[in-house]
Amino acid sequence: MLKIKNLHAYYGAIEGLKGVDIDVEDGKITCIIGSNGAGKTTLLKAISGVVKRFGSMLLDDMEIGSFTPRQVARAGITHVPESRHIFPGLTVEKNLETGTFPWHGFFSNASFTKELDEVYELFPRLKERRNQLGWSLSGGEQQMLAIGRGIMARPKILMLDEPSMGLAPMLIDELFEKIVEINARGISILLVEQNAHIALEVSHNAYVMESGKIALQGPSISLQHDDRVTKAYFGSLYKKK
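Keep in mind that this is a model prediction, so the values were computed, not measured. (Residues numbered from 1 in each chain as written. Predicted model: local features only at pLDDT ≥ 70, side-chain atom pairs only at ≥ 80, totals over all residues. Heavy atoms only, no water.)

### Side note on empty space enclosed by the protein
Point 1. A complete count under the given rule lists one cavity of 30 Å³ or more for this structure.
Point 2. Here the largest cavity defines a volume of roughly 60 Å³.
Point 3. Of all the elements in the fold, those that place two or more residues in the lining of the largest cavity are α7 (139–152) and α8 (169–184).
Point 4. For the lining of the largest cavity, the leading source of residues is α8, giving four residues.
Point 5. For the lining of the largest cavity, the residue count by class is four nonpolar, two polar and three charged. (1 Å grid on protein atoms, 1.4 Å probe; cavity = no way out; pocket = protein on both sides within 12 Å on 5 of 7 lines; lining within 4 Å. Points joined across faces, edges and corners; volume = space filled by probe spheres on them. Helix = DSSP H or I, 4+ residues; strand = E, 2+ residues; numbered from the N terminus. Nonpolar A, V, L, I, M, F, W, Y, C, P; charged D, E, K, R; others polar.)

Structure (structure tokens):
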């Protein structure tokens with residue numbers, strides 16, 4: 001579905017990505033793991049078009065490498081950023097409504113009841129809190145809201161940046177069950193996650209990033225048992241399981 005070739009990205013004169021190649025397969029969860037500063041978040045920003053980038057990005061054989069962020073979103077790639085970035089002064093339902101702008105614009109009478117129902121079915125707690133302001137939600141609820149807003153955009157590919165950040169272990173497990181369910185509903189997912197263990201558990205394919213480059217790649221189940229991955233990200237505790 002998404003083929004990225006020789007992608008470079010820059011923050012001013014600093015090169016954040018150094019010729020990255022990845023494929024996001026239709027209907028699959030693809031994860032990107034790596035240490036802090038490896039370039040994972042930069043990769044998602046480059047795909048979204050919010051940082052300067054060069055290289056080829058083919059979405060269903062359409063070149064989108066020069067697209068603006070709005071064009072990328074309208075093409076079907078939705079970015080749920082790190083730290084959620086919900087609107088604290090809007091209600092849950094109004095936050096979700098903003099996610100529909102890529103397909104119906106800012107001024108429209110289009111109905112998004114179907115999308116709302118799907119999000120509320122997936123995250124019942126959001127329905128219970130539909131009239132609460134964003135700032136009043138817990139961290140886990142804000143993450144659900146950010147993902148729900150992404151789903152409202154009708155994405156072909158949902159890009160999730162560190163969805164487990166700041167969440168308790170019990171909430172992380174619940175959240176990743178929902179991510180698997182979202183994928184089962186037909187949405188391809190590109191997942192950036194520092195929790196390498198859970199990322200490899202839920203994904204189909206994986207890439208390991210180091211210093212702005214792809215260091216390893218392959219089926220997630222294979223990388224789970226790769227000595228280089230277990231030593232770098234799991235250590236001795238993982239090997240004893």
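Structure shown, so let's carry the discussion forward.
### With respect to the confidence of the model for the protein
Point 1. The pLDDT averaged across the protein works out to 90; a share of 93% of its residues lies at or above 70.
Point 2. Across residues 236–241, where pLDDT falls below 50, the model places five contacts with residues more than four positions away in sequence or in other chains. (pLDDT = per-residue confidence, 0-100. Contact = heavy atoms within 4.5 Å.)

### Comments concerning the packing of aromatic side chains
Point 1. Per the counting criterion, the structure on display carries one aromatic pair.
Point 2. A centroid spacing of 6.0 Å and a plane angle of 70 degrees characterise the contact between Y10 and F54, whose relative ring orientation is edge-to-face. Note that Y10 is positioned in strand β1 (residues 2–11) and F54 in strand β4 (residues 52–59), a separation of 44 residues in sequence.
Point 3. The class for Y10 is partly exposed, based on a relative accessible area of 23%.
Point 4. Overall, the relative accessible area of 47% leaves F54 in the partly exposed class. (Phe/Tyr/Trp six-rings, centres within 6.5 Å; stacked < 30°, edge-to-face > 60°. Buried < 20%, exposed > 50% of the residue type's maximum accessible area, 1.4 Å probe, protein only.)

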